[in-house]
Amino acid sequence: MLAEPRIVYNEGYLDEQTKRVVRRALLKGIAIPGFQVPFASREVPMPRGWGTGGVQVTASVIGPDDLLKVIDQGADDTTNAVSIRQFFERVAGSESTTRTDEATVIQTRHRIPETPLAEGQILVYQVPIPEPLRFLEPRETETRRLHALEEYGLMYVKLFEDISRYGHIAKTYDYPVMVNGRYVMAPSPVPSFDNPKMHMNPALQLFGAGREKRIYAVPPYTSVESLGFEDFPFEPQQFDQPCQICGSSGVYLDEVVTDDAGGAMYVCSDTDHCTRAASAVGFRASRTRGEWDFPATGTGTEGAVQ
Amino acid sequence: MNQAAATLTPGFAQPVQDAQRVFRAVLEAMARPLQPQALAVPLTPPAPLTAEAGGVVLTLCDEQTPLWVDPQLHRHHEVTAWLGFHTGAPLVAAAAEALFCLASSPDAVPPFEDLSPGTDQEPHRSTTLIVQAEQTGSRQRLRGTGPGIREALDWDGHGMTEQFRTARAEHAGGFPRGVDVLITGRGTVTGLPRTTVLEPTGPDTAAEGGA
Ligand SMILES: [Zn+2]
């Protein structure tokens, strides 16, 4: 007993032809974990900040049986996240949720939820720059050749330069990973804190880069190793303190400015996790914007991940 | 064309939603190899094309995807007419030129050397093989490992031939090149991407009832 869709599904938006192109690319991406599949599609007009790649991937997988969660830097309530959710409610007839554990499809920009994902869930990443070798080698023909030859020496040299200079690897987001022992892959600008979550994850991870027209994937239960060295193994970011709202430790924290005098507090970037952890421990505080007793502006995330 | 079209059974009743549901089953199948995914397809393609295989072709193929069908299917003009009308996919005589190959049974699978594994730089430009197979016939004792599989899975081969397994294994050395397979059964689709390693764990169990 499905209700009639409120508007025609794909009018003025992703046509069936484009979806087939994306779908074929997704299947090949899964069959070749970590390999960037180029896909040729027409330009899909999207509002700024939506991440056309992520939206095209989500549009190609989502249906009326889905529960969609959209997060932007961990938050369900940013303008972009709300807009994208409403968009898919309208055009795909899907319902929305903010709960990580209930969502069937999660579109994300810059975070992997704290709540562990499960089999049957799909995590769709918005990717600005899909090519991890781009900053070492700008030529597309050359990066393609390097991937084909599994020639990743340049990448290791670059990481090692960091170690020589700073004593540690400076990169704290979009930290390159090796997928299934074969392809070096850009995990999109998630903090390196989240990198370990990609490894052997029960969920299917899909990556869409709209401007560069690349799709790639990590199937469930697939090895994802952050690059490192024997003497200097990869070390994800750590936070010494717990979230000041819900008390969770071992989560990714944002610095939130609380007053004009430079006061700040550290709170979960994952709003769904924070809300539920807070209610579990009996906190009255709500993460709903407007109910905080301090300005909920300037979440400080940009600073935290640079 | 109109006259021919008038005699064809219809495609998807709800093209957008039906294709989405079929695709999700296929996506899960490829992401979780050897685990049959439920695939209910409201289609009545002309025999011997099954609703499941027909639904997968309608979902994935179009004018951009050269399609090869086995001689058995090719002999049935209604089948090729139905596929052509509902997808627009050009039928090609050589399997090597096709992006999708459709086999009406495990015995009709073309030799692996006839399929395109792509290249090291473009491993995605490789054949996707769709095989209609009932989970009957010779049962193999196989163990599958690889991405999408937690540790390992036992598999009976889903009616695929021992010859298919050995031919696939012989061509498996060239990763990232490789052929990906979708096996349709009654109400199911099962994925066998190039990354899945199949190893025999015992003799065929045609005479036994073992799991
Ligand atoms: Zn918190």
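In what follows, the accompanying structure is described. (Residues numbered from 1 in each chain as written. Chains lettered and ligands numbered in written order. Predicted model: local features only at pLDDT ≥ 70, side-chain atom pairs only at ≥ 80, totals over all residues. Heavy atoms only, no water.)

### Points about the coordination of the zinc ion
Octahedral metal centres with six donors ideally show angles of 90 or 180 degrees, and tetrahedral centres with four donors ideally show 109.5 degrees. All names here are of chain A. Where we set the bar: Distances decide who is a donor: an N, O or S atom must be within 2.8 Å of the metal, or within 3.2 Å for Na, K and Ca. Water is not included, so sites may look incomplete. Only two sets of limits are used to name each site, 85 to 135 degrees for every angle of a tetrahedral four-donor site, and over 155 degrees for opposite donors with all other angles from 65 to 115 for a square planar four-donor or octahedral six-donor site, with any other site named irregular. Counting from the N terminus, the helices are the DSSP runs of H or I reaching at least four residues and the strands are the DSSP runs of E reaching at least two. Buried means the residue's accessible area, taken with a 1.4 Å probe over protein chains only, is under 20% of the maximum for its type, while exposed means over 50%, and partly exposed covers the values in between.
Donor atoms from the polypeptide that bind the zinc ion are Cys243 (SG), Cys246 (SG), Cys268 (SG) and Cys274 (SG), placed at 2.2 to 2.4 Å. In this structure, the zinc ion is surrounded by 4 donor atoms whose angles at the metal cover 107 to 114°, and the resulting shape is tetrahedral. In terms of primary sequence, the donors binding the zinc ion are separated according to C-x2-C-x21-C-x5-C. Residue cysteine 243 is found in the loop between strand E10 (224-226) and strand E11 (253-257), and its partner cysteine 274 is found in helix H7 (residues 271-280); the two are separated by 31 residues along the sequence. Just as cysteine 243 is buried, cysteine 274 falls in that class too.

### Description of the state of the cysteines
Cysteine pairs can be covalently joined through their sulfur atoms, and such a bond is termed a disulfide. Residues and elements named next belong to chain B. Operational definition: Count a disulfide wherever a pair of cysteine sulfur atoms falls within 2.5 Å.
Tallying each qualifying case throughout the model produces 0 disulfides over all chains. No disulfide involves cysteine 61; its sulfur sits 10.0 Å from that of cysteine 101, the nearest cysteine. The exposure class assigned to cysteine 61 is buried, which follows from its relative accessible area of 1%.

### Here's the deal with the packing of helix H2 (residues 52-61) of chain A against helix H3 (residues 79-92) of chain A
Residues and elements named next belong to chain A. Let me state the cut-off plainly: A fitted line through C-alpha atoms represents every axis, and for helices the fit uses only the stretch in contact; the resulting angles, taken between N-to-C directions, go from 0 to 180 degrees. Oblique is the label for every angle not falling under 35 degrees (roughly parallel), over 145 degrees (roughly antiparallel), or within 65 to 115 degrees (roughly perpendicular). In this scheme the crossing of two helices becomes right-handed for a clockwise turn of the near helix relative to the far one and left-handed for an anticlockwise turn of less than a right angle. Contact between two residues is taken to exist if any of their heavy atoms lie within 4.5 Å; hydrogens are not considered.
Remark: H2 packs on H3, axes separated minimally by 12 Å, with the N-to-C direction vectors making an angle of 30°. The orientation of H2 relative to H3 falls into the category roughly parallel. Like other packed secondary-structure pairs, H2 and H3 cross with a definite hand, here right-handed. Of the residues in H3, those in contact with Val55, Thr58 and Ala59 of H2 are Ile84, Phe87 and Phe88.

### So, the side chain of Thr196(B)
Residue and element names in this part refer to chain B. By secondary structure assignment, the location of threonine 196 is in the loop between strand E8 (188-192) and strand E9 (197-200). A residue is classified by how much of its surface remains accessible, and threonine 196, at 2% relative accessible area, is buried. Residue contacts for threonine 196: discarding those within four places in its chain leaves Pro33, Leu34, Gly144, Thr145, Ile149 and Arg168.

### Structural notes on the packing of helix H2 (residues 15-31) of chain B against helix H3 (residues 51-60) of chain B
Residue and element names in this part refer to chain B. Definition in use: All amino acids are sorted into three groups, where Ala, Val, Leu, Ile, Met, Phe, Trp, Tyr, Cys and Pro are nonpolar, Asp, Glu, Lys and Arg are charged, and the leftover types, Gly among them, are polar.
Relative orientation of the contacting elements H2 and H3 amounts to 105°, with a least axis distance of 9 Å. By the criterion of interaxial angle, the relationship of H2 to H3 is roughly perpendicular. The segment H2 lies against H3, with Ala19, Val22, Phe23 and Val26 engaging Gly55, Val56, Thr59 and Leu60. Of the residues in the contact of H2 with H3, the class split is 6 nonpolar, 2 polar and no charged.

### Considering the sheet that holds strand E9 (residues 214-218) of chain A
Neighbouring strands of a sheet are bound in pairs by backbone hydrogen bonds; such pairs are parallel or else antiparallel. Residues and elements named next belong to chain A. Here is the rule we go by: Think of it this way: DSSP has to see at least two bridges between two strands before they count as a pair.
Judged by pairing direction, the sheet is mixed, and its 7 strands sit side by side in the order E1-E9-E8-E5-E4-E2-E3 without closing on themselves. Unpaired on one side and paired on the other, strand E1 (37-38) and strand E3 (95-96) mark the two borders of the sheet. Across 2 bridges, the pairing between E1 and E9 is antiparallel. Bridging across to E9, proline 38 finds its partner in arginine 214. On top of the sheet, helix H1 (residues 16-31) reaches E1, strand E8 (204-209) and E9; it is set at about 40° to E9, its chief contact.

### A word on the pattern of salt bridges
Going by this rule: Just to be clear on terms, a salt bridge is a Lys or Arg side-chain nitrogen sitting within 4 Å of an Asp or Glu carboxyl oxygen.
The full count for this structure, using the stated rule, is 33 salt bridges over all chains. Of the charged contacts, one joins Arg177(B) and Asp120(B) as a salt bridge, the two residues approaching to 3.0 Å between their closest N and O atoms. Here Asp120(B) lies in the loop between strand E3 (100-103) and strand E4 (128-132) and Arg177(B) lies in the loop between helix H6 (162-170) and strand E7 (180-185), a separation of 57 residues in the sequence. Look at Arg177(B) and you get partly exposed, because its relative accessible area is 32%. Of the charged contacts, one joins Asp154(B) and Arg143(B) as a salt bridge, the two residues approaching to 3.2 Å between their closest N and O atoms. Of this pair, Asp154(B) sits in strand E6 (residues 153-155) while Arg143(B) sits in strand E5 (residues 142-145), placing them 11 residues apart in sequence. Judged by its relative accessible area of 38%, Arg143(B) is partly exposed. Each of the salt bridges in this network shares a partner with another, and the network as a whole consists of Arg134(A), Glu140(A), Arg144(A), Glu212(A), Arg214(A), Glu122(B) and Arg125(B).

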